[in-house]
Amino acid sequence: MRAAVQHETGQEKLEVLDDVEAVGFGPGKVRMRVRATGLCHSDLSAMSGVLPQPAPFVPGHEGAGEILEVGDGVTGLGPGDRVLMCWLPACGSCPSCKRGQTHLCLAGFMNAGTPNFARPGGEVFGFAGTGTFAEEVVVAAHCAVPIPDDVPYEIAALIGCGVTTGLGAALNTAKVEAASSVAVIGCGGVGISVIQGARACGAAQIIAVDPVAGRREAALRFGATEAVAPGELADAKQRITAGEGFDYVFEVVGKSATARTAYETTRRGGTLCVVGAGALDDTFQVNMFELFFDEKRILPSLYGGADVLRSYERAIALWRAGRIDLEGMITHRVPLAEINDALDQMRSGTALRTCIEI
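All values derive from a computational prediction rather than experimental measurement. (Residues numbered from 1 in each chain as written. Predicted model: local features only at pLDDT ≥ 70, side-chain atom pairs only at ≥ 80, totals over all residues. Heavy atoms only, no water.)

S.K.: Looking at this structure, how should I read the UniProt feature "domain: Enoyl reductase (ER)" (unreviewed entry) in the protein chain?
M.R.: Under the present numbering, the feature "domain: Enoyl reductase (ER)" (unreviewed entry) in UniProt falls on residues 10-352. Helix and strand shares over residues 10-352 are 31% and 24% respectively, and the end C-alpha atoms of the span are 23 Å apart. (UniProt positions renumbered as here; feature names shortened; annotations may be inferred. Helix = DSSP H or I, 4+ residues; strand = E, 2+ residues; numbered from the N terminus.)

Following this line, the structure appears as structure tokens:
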């Protein structure tokens, strides 16, 4: 089968090969035919080494498709079922799951250390234990979540990561209040989802911050009340909040410099929500006096900050009701053979989400 492979960490191009095999099928596993997958910035971060990932590997974790085969012991799934990929499934029995924090379950991460592809040259890993830049993938059964028939594969793929992450940051982690002021720093696919989540919560002002003009224009279409370049944020803070700062500021870049800007843009007693996935050696710093005196809440948000299965259902309900626009987030569509064009589109900021049609 075909798959896009990164041979070494740091390479900017993927090689689309036709000699890759999805391996590991057996009890408790399913074999899935990938129909659509989104390109998420986390894929680029894994390729560059910002996020730890063994190589060689097949990137991709935001996917949807259909079940081809189920292993022994798998219930509730069968061949032909339409599913989305959950890259961080809950085991149901670890301490995090028992506390109700299923999104913090580490069971899924254990899969990342087991190759789930192979080719004549040796074993190949799947990013985050998945690897959706491939025609087929073998994953644990609880990674495959059934979707209703009216949800297209490309929409389901977005819900599998970026939409759930962004909506959840606003609805679950920050719990944005009606009539509040919000700033979102970083307006790619996840940032746009944060904006849509803040709008659904009833925020009065939503300021989108991004260096790319096209993304700022897009943010206005998805609910931002104003969009500014990073150099204009201080002025926006002064104009909109009289210099006090925003009630909620979302950092959706994954860098300490933007997190520090976000902290300084948050009002005293307000909430800084960190959504971007950053590097292990990039340290965010606050001094002990401001931490105490300003009483700003610093809330990281992983995969939407709540039970992902419930979050999927909520995203679908909001989409059906016309409260969020998911079709409009897909700005580019390319076949797997043109995956490197999709990577360039994301690096340049010209794409919110590119759908890879497989």
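The discussion continues.
S.K.: Hey, could you run me through empty space enclosed by the protein in this one?
M.R.: Rolled over the atoms, a probe as big as a water molecule pinpoints where empty space is left. All chains considered together, the criterion is met by one cavity of 30 Å³ or more. Computed from the structure, the largest cavity encloses a volume of approximately 40 Å³. Lining the largest cavity are Thr164, Leu167, Gly168, Asn172, Ser311, Arg314 and Ala315. Residue assignment for the lining of the largest cavity shows that the elements contributing at least two residues are α5 (162-173) and α11 (308-320). Ranked by residues supplied to the lining of the largest cavity, first place goes to α5 with four residues. Built from parts of two domains, the lining of the largest cavity gets at least three residues from each of domain 1 (3-161 + 306-357) and domain 2 (166-300). (1 Å grid on protein atoms, 1.4 Å probe; cavity = no way out; pocket = protein on both sides within 12 Å on 5 of 7 lines; lining within 4 Å. Points joined across faces, edges and corners; volume = space filled by probe spheres on them. Domains from an automatic or database assignment.)

S.K.: Sorry, what's going on with the sheet that holds strand β16 (residues 266-274) here?
M.R.: Within a sheet, each strand pairs with its neighbour through backbone hydrogen bonds, oriented either parallel or antiparallel. The strand order across the open sheet formed by six strands is β14-β13-β12-β15-β16-β17, and the pairing between neighbours is parallel. With partners counted over all chains shown, the strands left at the sheet margins are β14 (226-228) and β17 (297-300), one partner each. Pairs of neighbouring strands in the sheet enclose a mean axial angle of 20°, with direction left out of account. The pairing of strand β12 (residues 181-185) with strand β15 (residues 246-251) spans four bridges and is classified as parallel. Pairing of isoleucine 185 across the sheet is with glutamate 251, part of β15. Each of β12, β15, β16 and β17 touches helix α9 (residues 256-265); the most contacted strand, β16, lies at about 150° to it. (Pairing = 2+ DSSP bridges. Axes fitted to C-alpha atoms, helices over the stretch in contact; angles between N-to-C directions. Contact = heavy atoms within 4.5 Å.)

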